[in-house]
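Fold and contact review
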Amino acid sequence: MGRLVFLFACTLLLLAASSSTASDEGIVEHTFYVQNLTVSKLCNRREIIAVNGSLPGPVIRVQEGDTLIVHVFNKSPYNLTIHWHGVFQMLTAWADGPNMVTQCPILPGNKYTYKFRLIKQEGTLWWHAHVSWLRATVYGALIVRPRAGSSYPFPKPYREVSILLGEWWNANAMDVLSQALSTGAAPNISDAFTINGRPGDLYPCSKEKMYKLKVEKGKTYLLRIVNAALNAQLFYKIANHKLTVVAVDASYTKPYVTDVVLVAPGQTVDALLAADQEVGSYYMAARPYASAAGVPFDDTTTRGVVVYDGAPTSATPLMPALPAFNDTPTAHKFSSDLTGLNGGPHWVHVPRNVDLNMFVTIGMGLEPCPANMTCQGPFGAKLSASMNNQSFVQPTTLSLLQAFFFKVGGVYTADFPANAPIEFDYTNATSINNNLALFFAPKSTKVTKLKFNSTVEMILQNTAILGVENHPMHIHGHNFYVLAQGFGNYNPDIDSEKFNLVDPVMRNTIGVPVGGWAVIRFTANNPGVWMMHCHLDVHLTLGLATVFVVENGPTPATTLPPPPADLPKC
């Protein structure tokens, strides 16, 4: 009898342990209804495309190890996909989301279920539409907290706050893009920036449409900052307050104290805000870092307000002194001073052996104007963009991932150049302008095939074709180490000595310095098809993108499974 009681007790303990493990790696399920929503902003009333009737869309909160299931119903008039920005998608490339890269779009009136696990990453990620310019209003935060029993590598904050920086057009953003593509000119600039969907009191009809963050003196808040703007890098600042950066792109950093944050489209920053000033009201504000000289941009400022408990309602908030629009030294200092938290959660040491070295030019260019058409781009041509003199074109009949998995030919070619096919003085505008042939890159769908678990080192070199500019380059399905960055042409004899191989920051999006270069390194440990592109959507649309095809590994656990049954069909 005693033995039976003992065995029963052991069984209960095992069941309890099993239940605990299951709860540690739970299932989080959401439903997205993507449809028209009528909103009023800047004295205008118009329809936008939104998720579940809100702008921004729903915040998704998970723990590391959880499985996320999102049922997406496309009730909008546009083709749709959702990208889970920064999620590794280990063996779930079918859920990554870029249109015609990992899936055909969800057609109006149809649905698709995204299912994937959040593993070996913690912090702030986000989700957004990945078709045309739909992400102007289809976006939201994706928060990954440590699993039960684990903790942050910094003091637990009193509260966590999502700060989503957006960009607003009074016109339909899809129409803005269509007009630009039809004329070959640059698209019309936006009319405002927003903080959590609110423009702030510097814009017309917006005095009462300002985000307010209430704080208690003596408390610390974790700000989860996301730049969801389409085409603008943004400086972000809170009057009289310092911020301590503790993570970027869901990778922990050594604590970095600053009074200003630079966040490029696609990037996220986790920063601790100590409410340690006198009780009162303080503006938070964001405005562009515009690195391209002579290119029109939205030069407005969005602001919200931090209000201490007990602050008089009549108090006029203090305004922070924001950097100048072209303050490249401040932008570069923030980006280059960050370092990774070596030894922190999910830290992986920098791989020392490199299997593939790549030198990739990135920048603008031109496309010949079609016959019987008048184009409004420079020199009477159409604007274009390219990587290594190849301007990316997405396929139209089948997604690249389907072509890879089912071995369908004729969809792409595996001959993207590993090095710049034309060598020139990359950042010397004078010499470039004397060689107009450099401006025209062929349109193609070329990819780079990578062996499973191979390590890639890539030098990203900005060019002065049509002018230099800081390009935020994003890679899907992987993080990379930022080994070094600088200005001018990359010099391997000098600049390789600057590599940080001990504690480089890990990111999924890097702002390549204006008229400069950045060196990144990553391990291709995730079978599938992964896009790399500029996260200024105007440049992505023009072809500033490429794709990596990572081959399967040697075991079933390193082999991409078949697509889900409800994968959208073209």
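Residues numbered from 1 in each chain as written. Predicted model: local features only at pLDDT ≥ 70, side-chain atom pairs only at ≥ 80, totals over all residues. Heavy atoms only, no water.

**Quick notes on the overall build of the protein**
A tally of helices and strands in the protein yields seven helices and 32 strands. Radius of gyration (C-alpha) of the protein: 24 Å, near the 25 Å computed for a compact globule of 570 residues. Along the three orthogonal principal directions, the C-alpha set of the protein runs to about 90 × 65 × 55 Å. Looking at the 570 residues of the protein, the share that counts as buried comes to 59%. Working note: accessible area of the protein is about 22,600 Å², and carbon and sulfur atoms make up 54% of it. Looking at charge distribution, the protein has the averaged site of its 40 positive side-chain charges lying 7 Å from that of its 39 negative ones. (Helix = DSSP H or I, 4+ residues; strand = E, 2+ residues; numbered from the N terminus. Rg over C-alpha atoms; globule rule 2.2 N^0.38 Å. Buried < 20%, exposed > 50% of the residue type's maximum accessible area, 1.4 Å probe, protein only. Areas by Shrake-Rupley, 256 points an atom, 1.4 Å probe, with all protein chains shown as cover. Lys, Arg positive; Asp, Glu negative; His and termini not counted. Charge placed at Lys NZ, Arg CZ, Asp CG, Glu CD.)

**Describing the pairing of strand β5 (residues 82-85)**
By the alternation rule, side chains of β5 split into I82 and W84 and H83 and H85, which are all buried. For β5 and strand β7 (residues 123-129), the ladder comprises four bridges, and the chain directions are antiparallel. The residue bridging W84 from the neighbouring strand is W127, located in β7. (Pairing = 2+ DSSP bridges.)

**Looking at unusual backbone geometry**
The peptide bond linking L55 to P56 adopts the cis configuration, its omega dihedral lying at -5°. If you trace the backbone, P56 turns up in the loop between β2 (44-51) and β3 (60-63). For C205, which is not glycine, the phi torsion reads 55° and is therefore positive. Looking at the element boundaries, C205 is found in the loop between β10 (192-195) and β11 (212-215). Since its relative accessible area comes to 53%, C205 is described here as exposed. Here N372, not a glycine, exhibits a phi torsion of approximately 60°, which is positive. Counting through the fold element by element, N372 comes out in the loop between β20 (356-367) and β21 (382-387).

**Observations regarding the packing of aromatic side chains**
Applying the stated criterion across every chain, the model contains 22 aromatic pairs. Centroid distance F359 to Y426: 5.4 Å. Interplanar angle 40°. Geometry classified as tilted. Separated by 67 residues along the polypeptide, F359 in strand β20 and Y426 in the loop between α4 (400-405) and α5 (429-433) bring together distant segments of the chain. Judged by its relative accessible area of 13%, F359 is buried. The exposure class assigned to Y426 is buried, which follows from its relative accessible area of 10%. Aromatic pair F379 and F439: ring centres 6.0 Å apart, planes at 90°, arrangement edge-to-face. One end of the pair, F379, is in the loop between β20 and β21; the other, F439, is in the loop between α5 and β23 (443-444), and 60 residues separate them in sequence. Accessibility expressed as a relative area gives 63% for F379, which makes it exposed. An aromatic cluster is defined as three or more aromatic residues linked by ring pairs; in this entry it consists of F32, W84, Y112, Y114, F116 and W127. Taking the ring centre of W168 as reference, the NZ or CZ of R46 above it sits at 4.6 Å. (Phe/Tyr/Trp six-rings, centres within 6.5 Å; stacked < 30°, edge-to-face > 60°. Lys NZ or Arg CZ within 6 Å of the ring centre and 35° of its normal.)

**Re helix α2 (residues 173-183)**
Three or more residues of α2 are buried, namely A173, M174, V176, L177, A180 and T183. Tucked inside the fold, the buried residues of α2 contact α7 (537-542). With a side-chain oxygen positioned 2.8 Å from the backbone nitrogen of M174, the residue opening α2 is N172. (Contact = heavy atoms within 4.5 Å. Polar contact = N/O pair within 3.5 Å; in protein donor to acceptor, adjacent residues only side chain to side chain.)

**What about helix α3 (residues 328-337)?**
Taken as a whole, α3 has its buried residues at T328, A331, H332, F334 and S335. Taken down its axis, α3 places every buried residue within 160° of arc, on the same side. (Arc of directions from axis to C-beta.)

**Things to note about the state of the cysteines**
All told, the structure shown has three disulfides when counted by the stated rule. Residue C104 pairs covalently with C570 via a disulfide, S to S 1.9 Å. Note on the C104 and C570 pair: the S-S dihedral is about -85°, so by sign convention the disulfide is left-handed. Pair noted here: C104 is in the loop between β5 and β6 (111-117) and C570 is in the segment after β32 (545-550), with a separation of 466 residues, a long-range link. Overall, the relative accessible area of 1% leaves C104 in the buried class. Residue C570 is classed as exposed on the basis of its relative accessible area, which comes to 52%. Between the sulfur of C369 and that of C375 lies a disulfide, 2.1 Å long from S to S. The chirality of the disulfide connecting C369 with C375 is right-handed, given an S-S dihedral of about 85°. (Disulfide = S-S within 2.5 Å.)

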